[in-house]
Amino acid sequence: QVQLVESGGGLVQAGGSLRLSCAASGRTFSRYGMGWFRQAPGKDREFVAAITWSGSSTYYHDSVKGRFTISRDNAKNTVYLQMNSLKPEDTAVYYCASNQNTYYIGNVYLRDEYDYWGQGTQVTVNS
């Protein structure tokens, strides 16, 4: 059974930083690309960032480029999202997700490319 467990969310002032973690279990983590999505109240879940199985390539939504960094540690079965220069519009529930294919990431922006999701962690940025 695949499980993804996010942690690291919280309340932060605008301009601050947070580091989200997502611990994976239940399948060979190093074979799968991983992604982060977020969902603000009343809005659809949107792509934030993704990383290939080896970590050699990363992808970002334009709104977070230069501020957020996705990384992974395959020895720890964990993917991270370092969020700097946070803005109130970054407020959302953040979800990590595992790509459905091994050694192929597909269209990282599409939720359908991911077959397992975490429960989410709340990030609130005050102005």
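Just so we're clear, the structure is a prediction, and the values are computed from it rather than from any experiment.

How each quantity is defined
Residues numbered from 1 in each chain as written. Predicted model: local features only at pLDDT ≥ 70, side-chain atom pairs only at ≥ 80, totals over all residues. Heavy atoms only, no water. Pairing = 2+ DSSP bridges. Helix = DSSP H or I, 4+ residues; strand = E, 2+ residues; numbered from the N terminus. Disulfide = S-S within 2.5 Å. Buried < 20%, exposed > 50% of the residue type's maximum accessible area, 1.4 Å probe, protein only. Core = buried A, V, L, I, M, F, W, Y, C linked by side-chain atoms within 4.5 Å. Contact = heavy atoms within 4.5 Å. Lys, Arg positive; Asp, Glu negative; His and termini not counted. Salt bridge = Lys/Arg side-chain N within 4 Å of Asp/Glu carboxyl O. Polar contact = N/O pair within 3.5 Å; in protein donor to acceptor, adjacent residues only side chain to side chain.

How should the pairing of strand E3 (residues 18-25) be read in this particular structure?
One ladder, built from 5 bridges, connects strand E1 (residues 3-7) with E3; its direction is antiparallel. Note on E3: the bridge partner recorded for Gln3 is Ser25. Pairing analysis gives 6 bridges linking E3 to strand E8 (residues 78-83), with the strands arranged antiparallel. Opposite Leu18, over in E8, you have Met83 as the bridge partner.

Which parts of the structure should I look at to understand the state of the cysteines?
Joining two cysteines, a disulfide is a covalent bond between their sulfur atoms. Applying the stated criterion across every chain yields a total of 1 disulfide. Note on cysteine connectivity: Cys22 is disulfide-linked to Cys96, with sulfurs 2.0 Å apart. The sign of the S-S torsion, about 45°, decides the handedness of the disulfide formed by Cys22 and Cys96: right-handed. Taken together, the positions of Cys22 in strand E3 and Cys96 in strand E9 (residues 92-102) put the pair 74 residues apart, joining distant regions of the chain. Taken individually, Cys22 and Cys96 each receive the classification buried, so the pair is uniform in this respect.

It is not clear to me how the nonpolar core should be interpreted in this structure. Could you clarify?
Proteins that are soluble and globular tend to have nonpolar side chains buried together. The biggest cluster of nonpolar side chains holds 25 residues, and the ones touching the most others in it are Trp36, Leu81, Met83 and Tyr94. Within the residue set of this core, elements represented by two or more residues are E3, strand E4 (32-39), strand E5 (46-51), strand E7 (68-73), E8, E9 and strand E11 (121-126). Apart from the residues within four sequence positions on either side, Met83 is in contact with Gly16, Ser17, Leu18, Leu20, Arg67, Phe68, Tyr94 and Val123. Judged by nonpolar contacts, the second largest core, of 7 residues, contains Phe47, Ala97, Ile105 and Tyr114.

Where do I start with the side chain of Glu6 in this structure?
You can see Glu6 is positioned in strand E1. Among buried charged residues, Glu6 stands out as having no salt bridge; its nearest opposite-charge side chain is Arg45, 7.3 Å away. A polar contact of 2.8 Å, which involves the side chain of Glu6, links it to the backbone nitrogen of Cys96. Polar contacts involving the side chain of Glu6 include one to the main-chain amide nitrogen of Gln119, which spans 3.0 Å. With near-sequence residues (within four places) excluded, Glu6 lies in contact with Ser21, Cys22, Trp36, Tyr94, Tyr95, Cys96, Gly118, Gln119, Gly120 and Thr121.

Interpretation note: all reported values are geometric properties and have no functional meaning in isolation.
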